[in-house]
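Secondary and tertiary structure notes
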Amino acid sequence: MKIAGLAAALDALLGVVAPAGATAHRPTVRVIAISYQAHDGLMRRAFLILPSWYGPTDHPPIPLVISPHGRGVGAWTNIRRWGRLPAVGGFAVINPEGQGRALTLYSWGDPGEIHDLAQMPDIAADALPWLHVDRQRVYAFGGSMGGQETLLLVARYPHLLAGAASFDAPTNMAARYRAFVRQPFGSGLQRLARSEIGGTPSSDPRGYELRSPLDWARKIAFSGVPLQIWWSRRDRTVVDQRQESGLLYRLIKRLNPSAPVSEFVGIWAHTSEMKSHGYLPYALSRFGLMPPRHGPPPSGRVVV
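Being a predicted model, the structure only gives us computed values, none of them experimental.

Conventions used here
- Residues numbered from 1 in each chain as written.
- Predicted model: local features only at pLDDT ≥ 70, side-chain atom pairs only at ≥ 80, totals over all residues.
- Heavy atoms only, no water.
- Pairing = 2+ DSSP bridges.
- Helix = DSSP H or I, 4+ residues; strand = E, 2+ residues; numbered from the N terminus.
- Right-handed = clockwise from strand over helix to strand, strands pointing away.
- Salt bridge = Lys/Arg side-chain N within 4 Å of Asp/Glu carboxyl O.
- Buried < 20%, exposed > 50% of the residue type's maximum accessible area, 1.4 Å probe, protein only.
- 1 Å grid on protein atoms, 1.4 Å probe; cavity = no way out; pocket = protein on both sides within 12 Å on 5 of 7 lines; lining within 4 Å.
- Points joined across faces, edges and corners; volume = space filled by probe spheres on them.
- Nonpolar A, V, L, I, M, F, W, Y, C, P; charged D, E, K, R; others polar.
- Contact = heavy atoms within 4.5 Å.
- Axes fitted to C-alpha atoms, helices over the stretch in contact; angles between N-to-C directions.
- Phe/Tyr/Trp six-rings, centres within 6.5 Å; stacked < 30°, edge-to-face > 60°.
- Polar contact = N/O pair within 3.5 Å; in protein donor to acceptor, adjacent residues only side chain to side chain.

**Some points on the pairing of strand 5 (residues 133–143)**
- The pairing of strand 3 (residues 62–66) with strand 5 spans four bridges and is parallel. Looking across to strand 5, one finds that Ile62 is bridged to Val133.
- Where strand 5 lies against strand 6 (residues 163–167), five bridges are found, and the strand directions are parallel. Of the residues in strand 6, the one forming a bridge with Ala140 is Ala164.
- One crossover worth recording links strand 5 to the parallel strand 6 by way of helix 6 (residues 145–156), and it is right-handed.

Printed below as a string of structure tokens:
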């Protein structure tokens, strides 16, 4: 794999490298852009966030988080969610651009995209020979569409993951298609869904099932992968989350009461809990990727 010459520009844009005179003990990160070939042969980029000290001369085995982006926002927005957390916790995060059946920013759990996500540890290691991924500590974290793809990754490649966290994910693509009509630019979203998936829920029900974590609930329930499912009662993007992520949690527990899945329910805005200043540090701490943090109160009545 070829390393793109964008690291310095990314660092400057994100403001993640310590400025002159910064405190020596302040943890900082660096971002490296790498190229990879997607399932359909198109070239895409993935952005690897590393602690700034990690590199060719200092490269112990490091945990890796695969983090697919949300609908329509791309890897850039996803990178910003992580802030300096990888440096604080001593782990790496790979943020792929992704590629669906037809679209890039609206992959919506395309099987080819899920396959590409599963290849990310190998893609990163091939691009950076000095990178030593701890294969026993590979995780997936994603919000919104990225949460949907995280759940599908758990279902299809459970052997890959030591843990996963899904934030405000859609879990029923047929329901999402119908719900789009009540949202801004809804007809445009439906048109994009038809282009990406191949039709409507009526004309291609199988296409929608393949992209719906609810239809993979049994696989998830018996995957053995420790899983966090986060959702909000006040989500205005993935509406009626009780029947999306909430329903998935209930179904998993019904299928397998001993499944290692946890549910976190609040009243935050869509995916605002998945940020470095939100509950992302707590979610990471549950997998030992960050020092212990306080979580949401049991009532779930928290605004981030």
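**Description of the pattern of salt bridges**
- Tallied over the full model, the rule gives five salt bridges.
- A salt bridge links Asp110 to Arg211; the nearest nitrogen and oxygen atoms lie 3.3 Å apart. Within this pair, whereas Asp110 is found in the loop between strand 4 (92–96) and helix 4 (111–118), its partner Arg211 is found in the loop between helix 9 (205–210) and helix 10 (217–221), the two being separated by 101 residues in sequence.
- Taking the relative accessible area as the measure of exposure, Asp110 reaches 6% and is therefore buried.
- Between Arg135 and Asp122 there is a salt bridge whose closest N-O contact spans 3.0 Å. Of this pair, Arg135 sits in strand 5 while Asp122 sits in helix 5 (residues 120–127); the two residues are 13 residues apart in sequence, bridging distant segments of the chain.
- The class for Asp122 is partly exposed, based on a relative accessible area of 35%.

**Some thoughts on the layout of surface pockets**
- Estimates place the volume of the largest pocket at around 190 Å³.
- Taken together, 14 residues line the largest pocket, and the ones lying closest to its centre are Gly70, Arg71, Val73, Ser144 and His270.
- For the lining of the largest pocket, the element with the highest residue contribution is helix 2 (residues 74–82), accounting for four residues.
- Looking at the lining of the largest pocket residue by residue, the classes come out as two nonpolar, 10 polar and two charged.

**Here's the deal with the environment of Glu209**
- Looking at the secondary structure, you find Glu209 in helix 9.
- Measuring from C-alpha to C-alpha, the distance between Glu209 and Met173 comes to 7.3 Å, with 36 residues separating the pair along the chain.
- Not counting residues up to four positions away in its chain, the partners in contact with Glu209 are Asp215 and Trp216.

**Some thoughts on the sheet that holds strand 4**
- With mixed pairing, eight strands are arranged side by side in an open sheet as 1-2-4-3-5-6-7-8. At either end of the open sheet lies a strand with only one pairing partner, and these are strand 1 (29–37) and strand 8 (261–266). Here the average twist between neighbouring strands, direction ignored, is 20°.
- Across six bridges, the pairing between strand 7 (residues 227–232) and strand 8 is parallel. Directly across from Ser232, in strand 8, lies its bridge partner Gly266.
- Relative to the sheet, helix 11 (residues 245–255) contacts strand 7 and strand 8, its axis offset from that of strand 7 by approximately 145°.

**As for the packing of aromatic side chains**
- Under the definition given, this model contains 18 aromatic pairs.
- Consider the rings of Trp230 and Tyr282, whose centres lie 6.3 Å apart with planes at 75°: the pair is edge-to-face. Taken together, the positions of Trp230 in strand 7 and Tyr282 in helix 12 (residues 280–285) put the pair 52 residues apart, joining distant regions of the chain.
- With relative accessibility at 14%, the residue Tyr282 sits in the buried group.
- Clustering of aromatic rings is evident, with ring pairs tying together Trp82, Phe91, Tyr139, Phe141, Phe167, Trp230, Phe264, Trp268, Tyr279, Tyr282 and Phe287.

**Regarding the side chain of Ser212**
- In this fold, Ser212 is placed in the loop between helix 9 and helix 10.
- Taking the relative accessible area as the measure of exposure, Ser212 reaches 2% and is therefore buried.
- Engagement of the side chain of Ser212 in a polar contact is seen with the backbone oxygen of Tyr208, the distance being 2.6 Å.
- Those residues in contact with Ser212, other than ones at most four positions away along the chain, are Leu152, Thr171, Asn172, Met173 and Ala174.

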